[in-house]
There are 2 protein chains.
Amino acid sequence: MFEERLEEFEALFHPTSIAVVGVSSDERKVGSAWVKGLLSANFKGNVYAVGAGGGTIAGSEIFTSLRSIPGEIDYVVVCIPRRSVLSLLDDCAFKKVKFIQFFTAGFSETGDAEGHELERDVAAKARQSGIRIIGPNCIGVYCPESRFPSGPAQEPRIGIDGPVGFISQSGGLADKLVELGIARGIGFSKGVSFGNGADLDAADFLQYLAADPKTRIIGAYFEGSRDGRRLFDSMKKIAQVKPLVAWKGGKTGVGAEAAMSHTGSLSSSAAIWSTMLKQAGAIEVDSLEELVDVLLLFQEVRNWQGISVAIVGGLCGGGGGISVSAGDACSEEGLNIPALSETTRQELVNILGPVGSIVRNPVDISQAYGQPSILHKVMEVIMADANIQLVIVQEDADILVKYGCLQISDIINGVLIDFASRCSKPVVVVSPPGSAEMDRLRIENQLSQASIPVFPTMERAARAIARVNQYFSSHQGT
Amino acid sequence: MFEERLEEFEALFHPTSIAVVGVSSDERKVGSAWVKGLLSANFKGNVYAVGAGGGTIAGSEIFTSLRSIPGEIDYVVVCIPRRSVLSLLDDCAFKKVKFIQFFTAGFSETGDAEGHELERDVAAKARQSGIRIIGPNCIGVYCPESRFPSGPAQEPRIGIDGPVGFISQSGGLADKLVELGIARGIGFSKGVSFGNGADLDAADFLQYLAADPKTRIIGAYFEGSRDGRRLFDSMKKIAQVKPLVAWKGGKTGVGAEAAMSHTGSLSSSAAIWSTMLKQAGAIEVDSLEELVDVLLLFQEVRNWQGISVAIVGGLCGGGGGISVSAGDACSEEGLNIPALSETTRQELVNILGPVGSIVRNPVDISQAYGQPSILHKVMEVIMADANIQLVIVQEDADILVKYGCLQISDIINGVLIDFASRCSKPVVVVSPPGSAEMDRLRIENQLSQASIPVFPTMERAARAIARVNQYFSSHQGT
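The present account deals with the structure reproduced in this document.

Overview of the interface of chain A and chain B
Contacts between chain A and chain B engage 71 residues on the former and 71 residues on the latter. Summed over the three residues of chain A that lose the most area to chain B, namely K176(A), V324(A) and K402(A), the buried surface amounts to 12% of that side. Our count for the chain A to chain B interface comes out at ten salt bridges. In this structure, E257(A) and R360(B) form a salt bridge, with 2.8 Å as the shortest nitrogen-oxygen distance. Put simply, chain A and chain B have 28 residue pairs in polar contact (both at pLDDT 80 or more) between them. Taken together, the elements giving at least two residues each to the side of chain A that touches chain B come down to helix 6 (171-184), strand 12 (244-248), helix 9 (253-263), helix 12 (320-332), helix 15 (397-402) and helix 17 (437-449) of chain A. With ten residues, the single largest contributor to the side of chain A that touches chain B is helix 12 of chain A. For the side of chain A that touches chain B, a count of residues per class yields 27 nonpolar, 24 polar and 20 charged.

Considering the side chain of N361(A)
Mapped onto the elements of the fold, N361(A) is located in the loop between helix 13 (342-352) and strand 15 (363-364). On the basis of relative accessible area, N361(A) is assigned to the buried category, the value being 7%. Only 3.1 Å separates the side chain of N361(A) from the backbone nitrogen of I311(A), close enough to count as a polar contact. Within the structure, N361(A) has its side chain in polar contact with the backbone oxygen of P338(A) (distance 3.0 Å). Residues contacting N361(A), with those up to four places away along its chain left out, are V309(A), A310(A), I311(A), I337(A), P338(A), L340(A), I388(A) and V254(B).

Looking at the environment of S24(A)
All names here are of chain A. Among the secondary structure elements, S24 is positioned in the loop between strand 1 (17-21) and helix 3 (30-40). When near neighbours in sequence (up to four residues on either side) are disregarded, S24 contacts K29, S32, I57 and I62. Looking at S24, its side chain comes within polar contact range of the main-chain nitrogen of D26, at 3.1 Å.

What about empty space enclosed by the protein?
With the rule as written, the count across this model stands at nine cavities of 30 Å³ or more. Residue lining of the largest cavity: 18 residues in total, with E289(A), I322(B), S325(B), Q394(B) and E459(B) positioned closest to the centre. Taken together, the elements giving at least two residues each to the lining of the largest cavity come down to helix 6 and helix 11 (288-300) of chain A together with helix 12 (320-332) and helix 18 (458-474) of chain B. Top contributing element to the lining of the largest cavity by residue count: helix 12 of chain B, with four residues. Volume-wise, the second largest cavity comes out at about 120 Å³. Lining the second largest cavity are 16 residues, with G314(A), G317(A), Q394(A), D396(A) and I399(A) positioned closest to its centre. In terms of residue count, the dominant contributor to the lining of the second largest cavity is helix 6 (residues 171-184) of chain B (three residues). The residue inventory of the lining of the second largest cavity, partitioned by class, reads six nonpolar, seven polar and three charged.

Comments concerning the packing of helix 11 of chain A against helix 18 (residues 458-474) of chain A
All names here are of chain A. Packing of helix 11 against helix 18 leaves a shortest axis separation of 9 Å and a crossing angle of 60°. Taken together, the axes of helix 11 and helix 18 are oblique relative to one another. Crossing handedness for the pair helix 11 and helix 18: right-handed. Every residue of helix 18 that contacts helix 11 at E289, E290, D293, V294, L297 and F298 is listed here: R460, R463, A464, I465, R467, V468, Y471 and F472. Class assignment of the residues belonging to the contact of helix 11 with helix 18 gives a composition of eight nonpolar, no polar and six charged.

Looking at the pairing of strand 9 (residues 160-168) of chain A
Residue and element names in this part refer to chain A. Across the nine residues that make up strand 9, a large majority, seven, are buried. In this sheet, strand 10 (residues 187-193) lies alongside strand 9 in parallel orientation, the contact comprising six bridges. Bridged to F166 within strand 10 is G191. The parallel pair strand 9 and strand 10 is bridged by helix 6, and the resulting crossover is right-handed. Where strand 9 lies against strand 11 (residues 217-222), five bridges are found, and the strand directions are parallel. Bridge pairing in strand 11 links I167 to A220.

Quick notes on the rules
- Residues numbered from 1 in each chain as written.
- Chains lettered and ligands numbered in written order.
- Predicted model: local features only at pLDDT ≥ 70, side-chain atom pairs only at ≥ 80, totals over all residues.
- Heavy atoms only, no water.
- Contact = heavy atoms within 4.5 Å.
- Buried area = accessible area lost by both parts, 1.4 Å probe.
- Salt bridge = Lys/Arg side-chain N within 4 Å of Asp/Glu carboxyl O.
- Polar contact = N/O pair within 3.5 Å; in protein donor to acceptor, adjacent residues only side chain to side chain.
- Helix = DSSP H or I, 4+ residues; strand = E, 2+ residues; numbered from the N terminus.
- Nonpolar A, V, L, I, M, F, W, Y, C, P; charged D, E, K, R; others polar.
- Buried < 20%, exposed > 50% of the residue type's maximum accessible area, 1.4 Å probe, protein only.
- 1 Å grid on protein atoms, 1.4 Å probe; cavity = no way out; pocket = protein on both sides within 12 Å on 5 of 7 lines; lining within 4 Å.
- Points joined across faces, edges and corners; volume = space filled by probe spheres on them.
- Axes fitted to C-alpha atoms, helices over the stretch in contact; angles between N-to-C directions.
- Parallel < 35°, antiparallel > 145°, perpendicular 65-115°, else oblique.
- Left-handed = near helix turned anticlockwise from the far one by under 90°.
- Pairing = 2+ DSSP bridges.
- Right-handed = clockwise from strand over helix to strand, strands pointing away.

As structure tokens, this is what we get:
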């Protein structure tokens, strides 16, 4: 599907050379930051700097014009003021540039006639020369495989290579998504932030990601669309073959006005978007956190069986209230928390004793007092219960630290990682923030490196599970 | 109101001596952990250890019976098995003990006849001797002023002394609340976890907190109540004089079953509880996170004016998408995001320029590129706008790190702290987690030490603001 996009966008995500226009020897300028960022990330192609004043940046020549660059140029990053962009297009046409990304703002998002007109003129002129535009008013491409960082940072972190592709009309949210990927173990195939979307728009990039063999899951942040019909038709096809997780910003009146000022997007009503996403088969989410949660869960889970969950808490005591509130949180998101079989309950009583634990689902194993051998037995019994399709474990660093079990958190994690790798049922961990943040981050890193998805609250884990199940229950056998 | 509780419970929250029953020289036993925890926290009264085997713990004698302790005993922590608790009550009566807290479990929460009967017998026998019971199946009192730590940890952190009092049927959630207080800067006057509530129940403790001059705000986690009428009547009075923030666990079928196994609580339906809380004038919350958010905001805000908020984002770029999604999040929680006055907008254009920022509300100050002098001017202009009653600032450590503004985050925080201390309008900060957690924690600590409440997402900040406003809009002039 959309295989033609692969060749068409090859030079977009894997350019052999990038020219940054609007660079000076002043390293604080944004154009200079783009150049330094590409160099520091070890971008795999050539990097050229262009600036009217010439000079050098990071030891390299600053060409005084695009035309004076000796080699070919696939991708141009534009950081000059808007008044100069039309004449730059002539230089780009001369150099047979394939893609121009305008970091430059001041187009339709300003809301004034001048900005609208300039955006139309730029798009028309580029079209005449066969150049495609990303933006204007955006940070463009991100591709860990090409070592193409996200945004104009001098020392960007490149993030993790992986199966998640994304599009975002907002550069700030794209940047944050990359950072949250680093934090939570999400790997990215490609990303693109396309701002006003004057030429290439959401549908184009989504079609590419649908065809891209490196992309297994697609995330999207929209503010609006200039061609809703085309976007809908594309999403409908794409959602047949890959999970498409979509967040629509500007759903409220205030948000929509902000979207108009941000990317010149004319937002339709929230209800229209929700209906469209649903009919297209996309999975709608309501916040950046939820987008990240759902992408992470899609990335990590194998052998999805359903939403009949067992909840295990109290790894080091204190699991009673957690059992109650976890039961509430999962129920409210529509998960099933089935009764454990009589055999399972009896075995849990044998392991934990009759007092101080809760041997129904949710299971409170407070009486294990952090002993990994007991956790091991409990997990074995629960995993074997035919009523259970997924296990959620609550591992609270504060409680582990407080009750002296932290020194064995590595072993506890080892037990969980062992089960997650051996069993056909997915394991999900909830590790809530608190006062032992270093310890929590250590737990999260260990687990996410072993492909166990970690969530900060039971509510967020439950919601992500419900969303992922929404996909699999309508794509049985895929 | 309820002033008689102050004297009655003086020995509960400020006991002159505590005896822990069920201690051995084996330091891994839970009774031993209680003793070591009280000593390591420098509890202000005497600490006695009692255990049939005698010996020593942490250099102190373990008395072989309660009767052999030379001095008076205000508060007894019981960690012996349930079969021995009735005979212990005789010793307690002999020693004229005032309060007994049963860490011991195995009472009504087991659901069996034996547990129910034992709980009734214990309550009846204690009543005959004038002893009040906390629990059974609980961790009892927490009071930073008395240096009385929460729960049986060997080296507990005592937390911060402050204006928030809480009650919790769950010991685990009480512990977590204390840790979240440490993490987020909430100070506690007193707390109590009372498990099954066989004698002293929620209403008793709430009455004390209402009378307690050190308690300005009350938080509560309920699983059920044995006397709903009395609880309702108490809450109705209490909510007149102090904000009462209440979370009901076990609102779903699964949660209610867990509550029955946890604290023997017979939960009424969610709708009944919600109606009761509303009619009592309490502020209902739906999760531990929300409870903490609302308590924090109540603690920090002065001069509440209302929910007409200005949102400021993009402190170091990347504020466009944040403006859109923040507008959505605040609108969805019912906050007003009024248009800025024409004067304010014109002044913002003068400060930020016409391109690349958003000078409507939400305000995106990306063009400030992290310069504190610009933030200072922006804050001054917005604070002066008569349409605005509260300012929410989004400060994202990931973006500050990425775009090289982190070295000035101290200065940015200085600007915010300066405004918060000088202005009559509250300032709230949203600082979302990500990949620069050390930096985020540093920002959060700086701000919360200066009494600026910090929230991890715009959604949670907005919801807390709406909840706090719920109180002030029905208590005008208090």
